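# Summary of structural features
Residue strings, one per chain:
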Amino acid sequence: MQALTSTPLLTATPTGDGLELRPVGSWTAVNVKNLEALSEGVTAEIARSKTVKLDMNGLSELDTLGAWLLEKLSRRAAAAGHPAEFVGVAENYAGLIEEMRQVNRHNPAPARAPNPILVKLGEIGRSAVSATDDVTVFLHMLGSLFMALIGVLRRPRSLRFTSLVYQLYKVGWQAIPIVALITFLIGAIIAQQGFFHFRKFGAESYVVDMVGILVLRELGVLIVAIMVAGRSGSAYTAELGSMKMREEIDALSTMGLDPIEVLILPRVVALICALPILSFIGSIAALYGGGLVAQFYGDMAPAIFIARLHEAISVTHFKVGIIKAPFMALVIGIVACSEGLRVKGSAESLGRQTTTSVVKSIFLVIVLDGLFAVFFASIGM
Amino acid sequence: MKPEEPEFAIRVSDLVVGFGRQVVIDHLSLDVVKGEILGLVGASGGGKSVLMRTIIGLIPGRSGEIEVMGQPIGGARERNTQTAAGRWGILFQQGALFSSLTVRQNVQFPLRENLELSQALMDEIATAKLEMVGLAAEDGDKFPAELSGGMTKRVALARALALDPAIVFLDEPTSGLDPIAAGEFDALIKTLQKTLGLTVFMVTHDLASLNTVCDRVAALADGKIVAIGPMRELLQSEHPWVRAYFHGKRSQMLHPQIN
């Protein structure tokens, strides 16, 4: 271990037309910084000399890195037209030097730097193609799920009931506390903002209308869907993705089972059942939050709040909100599962697909919400 | 002149390792001589990998001492990773290549983290290591997911050797390889051990590699080393488990000549 610290040296002695190089000390990886400089330092002298001799007697230690640098010196000499001669090679290093002589002989042609404009164009083209790809993948998953559903309806026994209940427990029951908490806070914040601004023109009583309609029609379901996409959609992608990586999904198919039916259908169905329930709970929590703010910040008695709410909202508002929930769940489920199946071998790909899954499902949920708004407006709901 | 004391690369004395109430390694002592290839055999789930992981500091031992190249291995937490990195290279059973890096980047990783060297030299060293383990320079641009089992093992070995460690730990290096590839891998380990002067600590079940490359073989049973020595000594061993291992039906069938 002491020898490791002995400083390496490279002395170059001109001998007539020739050059004698004497590496001294330990030519090992720990000294690489010095070694690189040393071996670069003699480049000009090697090119100048007629013969090159490498005297290895002074070496105290040598490893692959040092041996490679020495071999590089000898190759530089060979390139200048006179192969270097190794003398005084210790027996235990002979094998290593011989080994280094074999390597790095064949250099693959370096990849040509492509035209940057073409690269950009290529990227644009590729992303356009992948966008249509996304649509195909989405439709394919929708179709496969539908087929699996028909299969299950034909043979109800093939429904994975245990798996369905377990998924329902995970994405539904376990999500209730956080969903209720966040929607409660959102309801409270909307009410507070309403009272603060409506007070200026004495329209405080309309805060109840705003909170009621906004929460039931839009916010309740939208906030819950976004939370579910982040909470359960990402979990689906990661689960299916790591199953894909460990070939578990291939194993299922070879046993004659359809992965769509076994893994994906229960997950998507659980999501479709859970999201309306969660939206309902979320909406109630938001209204409760609004009511509390009305009582303590807006000085509105609970009885008045409830009476106003009765007048302001109707079952239609509730229906508009809750009808959207299963469709949003379907979109989240399909995106999450198909992204999971697109995971390739690496850990990085798992992370990328999970991110894509969440981003894409939140985007699609909002687009879907917009489409529903147009639809409900045109049928007058 | 008194006989020269052999230098030890690894010294394990009175080591106990356990999980919960289960004791896996029970007062085990083992010395590995510098420059030898030691094969470790033992029943599946018998603690071979646990012993290896304890020596490299991944699992803390309950009692006992471990010295690697004269330096004690403490608990994994207080270990100085800077010195540990250059001391040994480890070939994990599944390769444990970083899946988001290319083969070349995988081999360069220990170099990049531990040394200051130019990118050009790093590329040359990585290619040199890849060629030493029998891969082509072109394979350097592949990702681990694109490699076959045998190539994965070779890349993992190249990465283990990146810093020219004194000791290499191999966890079942030939498992999952066909006999030809396994034979090549054995020959490769032997060659590298000769050229680089490595000490090799190898966990294996491959009777052929035990027979051809290992200088000594240690048998681990009931948490202890029950027999250690060159292969022919182990074949003479009277310990019932060792007898069953080397003279069982499978080994009789495959290697009638060694019995």
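Below is a short write-up of the structure.

Here is what the cut-offs are and how they apply
Residues numbered from 1 in each chain as written. Chains lettered and ligands numbered in written order. Predicted model: local features only at pLDDT ≥ 70, side-chain atom pairs only at ≥ 80, totals over all residues. Heavy atoms only, no water. Helix = DSSP H or I, 4+ residues; strand = E, 2+ residues; numbered from the N terminus. Buried < 20%, exposed > 50% of the residue type's maximum accessible area, 1.4 Å probe, protein only. Contact = heavy atoms within 4.5 Å. Areas by Shrake-Rupley, 256 points an atom, 1.4 Å probe, with all protein chains shown as cover. Pairing = 2+ DSSP bridges. Axes fitted to C-alpha atoms, helices over the stretch in contact; angles between N-to-C directions. Core = buried A, V, L, I, M, F, W, Y, C linked by side-chain atoms within 4.5 Å. Patch = residues over 30% accessible without salt bridge, like charges linked within 9 Å, V, L, I, M, F, W, Y side chains within 5 Å. Salt bridge = Lys/Arg side-chain N within 4 Å of Asp/Glu carboxyl O.

What follows is about the overall build of chain B. Regarding its fold elements, chain B presents 10 helices and 10 strands. Expressed as a percentage of the 259 residues in chain B, the buried residues total 53%. Summarising the internal contacts of chain B: among those between residues at least 6 apart in sequence, 66% fall at separations of at least 24. Surface exposure of chain B reaches about 11800 Å², of which carbon and sulfur atoms provide 52%.

Right, let's talk about the overall build of chain A for a bit. For chain A, the count of helices and strands is 13 helices and 5 strands. The buried share of chain A, taken over its 381 residues, is 43%. Considering only intrachain contacts with a sequence separation of at least 6, the fraction spanning at least 24 residues in chain A is 80%. Total accessible area on chain A stands at roughly 19800 Å², and carbon and sulfur atoms take up 67% of it.

Right, let's talk about the sheet that holds strand 5 (residues 71–72) of chain B for a bit. Residues and elements named next belong to chain B. With antiparallel pairing, 4 strands are arranged side by side in an open sheet as 2-1-4-5. At either margin of the open sheet sits one strand with a lone partner, and together these are strand 2 (22–33) and strand 5. Across 8 bridges, strand 1 (residues 8–19) lies against strand 2 in antiparallel orientation. Counterpart to Phe8 in the pairing with strand 2 is Val33. Each of strand 1, strand 2 and strand 4 (63–68) touches helix 1 (residues 48–55); the most contacted strand, strand 1, lies at about 120° to it.

Right, let's talk about the nonpolar core for a bit. Membership of the largest hydrophobic core comes to 81 residues, with the highest contact counts inside it found for Leu21, Leu62 and Leu70 of chain A together with Leu157, Leu192 and Phe246 of chain B. Not counting residues within four places of it along the chain, the set of residues in contact with Leu62 of chain A comprises Trp27, Thr28, Ala67, Leu70, Tyr93, Leu96 and Ile97 of chain A. By size, the runner-up hydrophobic cluster in this structure holds 46 residues, among which are Leu222, Leu263, Leu275 and Ile334 of chain A.

What follows covers a nonpolar patch on the surface. Residue and element names in this part refer to chain A. A contiguous nonpolar patch, built from Phe146, Met147, Leu149, Ile150 and Leu153 and spanning about 510 Å² of accessible area, is present on the exposed surface. You can see Leu153 is positioned in helix 5 (residues 116–154). Accessibility expressed as a relative area gives 62% for Leu153, which makes it exposed.

Distances and angles like these do not, on their own, reveal function.
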